Amino acid sequence: MAAGDWVKVDAWLVAPSEAGEYVRRREALALAVLAEAERRGLRAGRAGKGSEDGEYVIASDAAGETAALVHLDPMTTDEWAQASARDRLTDFFARHFAASA
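Everything numeric here is computed off the predicted structure, so don't read it as measured data.

Procedures and definitions
Residues numbered from 1 in each chain as written. Predicted model: local features only at pLDDT ≥ 70, side-chain atom pairs only at ≥ 80, totals over all residues. Heavy atoms only, no water. Helix = DSSP H or I, 4+ residues; strand = E, 2+ residues; numbered from the N terminus. Polar contact = N/O pair within 3.5 Å; in protein donor to acceptor, adjacent residues only side chain to side chain. Salt bridge = Lys/Arg side-chain N within 4 Å of Asp/Glu carboxyl O. Phe/Tyr/Trp six-rings, centres within 6.5 Å; stacked < 30°, edge-to-face > 60°. Buried < 20%, exposed > 50% of the residue type's maximum accessible area, 1.4 Å probe, protein only. Lys NZ or Arg CZ within 6 Å of the ring centre and 35° of its normal.

### Some thoughts on the side chain of threonine 77
- You can see threonine 77 is positioned in helix α2 (residues 74–85).
- At 2.7 Å, the side chain of threonine 77 and the backbone oxygen of aspartate 73 are in polar contact.

What follows is the structure, encoded as structure tokens:
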């Protein structure tokens, strides 16, 4: 595939045939992480859009310590989709949130 044949989604180049699904999964991941942070009583938001590393969701505890930093990159999005399909979201969140969160 030539360089011009890719679709740029935030910091990532995605094959056109996969772009729509990636955008849907990415948004679902962001919403799931934000909901999980809220469930844990953390402050959370999205940041990094347009940066070299791309957008991420960051959650912090009452003391301002980072409890989760989840990049919305293709690898993490795929990991989340697989965990979701296998009903393994508890494991996904355990890997991405600090144990104390």
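### What to know about the pattern of salt bridges
- Under the counting rule described, the total for this entry stands at eleven salt bridges.
- Measuring nitrogen to oxygen at the nearest pair gives 3.3 Å for the salt bridge that ties glutamate 21 to arginine 24. Taken together, the residues span about one helical turn, with glutamate 21 and arginine 24 both in helix α1 (residues 16–39) at a distance of three residues.
- Between arginine 40 and glutamate 36 there is a salt bridge, with the nearest N and O atoms lying 2.7 Å from each other.
- Several salt bridges share partner residues, and in doing so they unite Asp10, Arg26, Glu27, Arg46 and Glu55 into one network.

### Concerning the packing of aromatic side chains
- Enumeration according to the criterion identifies two aromatic pairs in this entry.
- Geometrically, the ring pair formed by phenylalanine 92 and phenylalanine 93 is edge-to-face, given 5.6 Å between the ring centres and 75° between the ring planes. The pair formed by phenylalanine 92 and phenylalanine 93 is uniform in burial state, with each residue classed as buried.
- Ring plane angle 75° and centroid distance 5.8 Å describe the contact between phenylalanine 93 and phenylalanine 97, whose orientation is recorded as edge-to-face.
- Residue phenylalanine 93 is classed as buried on the basis of its relative accessible area, which comes to 8%.
- Taking relative accessible area as the criterion, phenylalanine 97 reaches 5% and is therefore assigned buried.
- One cation-aromatic arrangement involves arginine 40 over phenylalanine 97; the distance from NZ or CZ to the ring centre is 4.4 Å.

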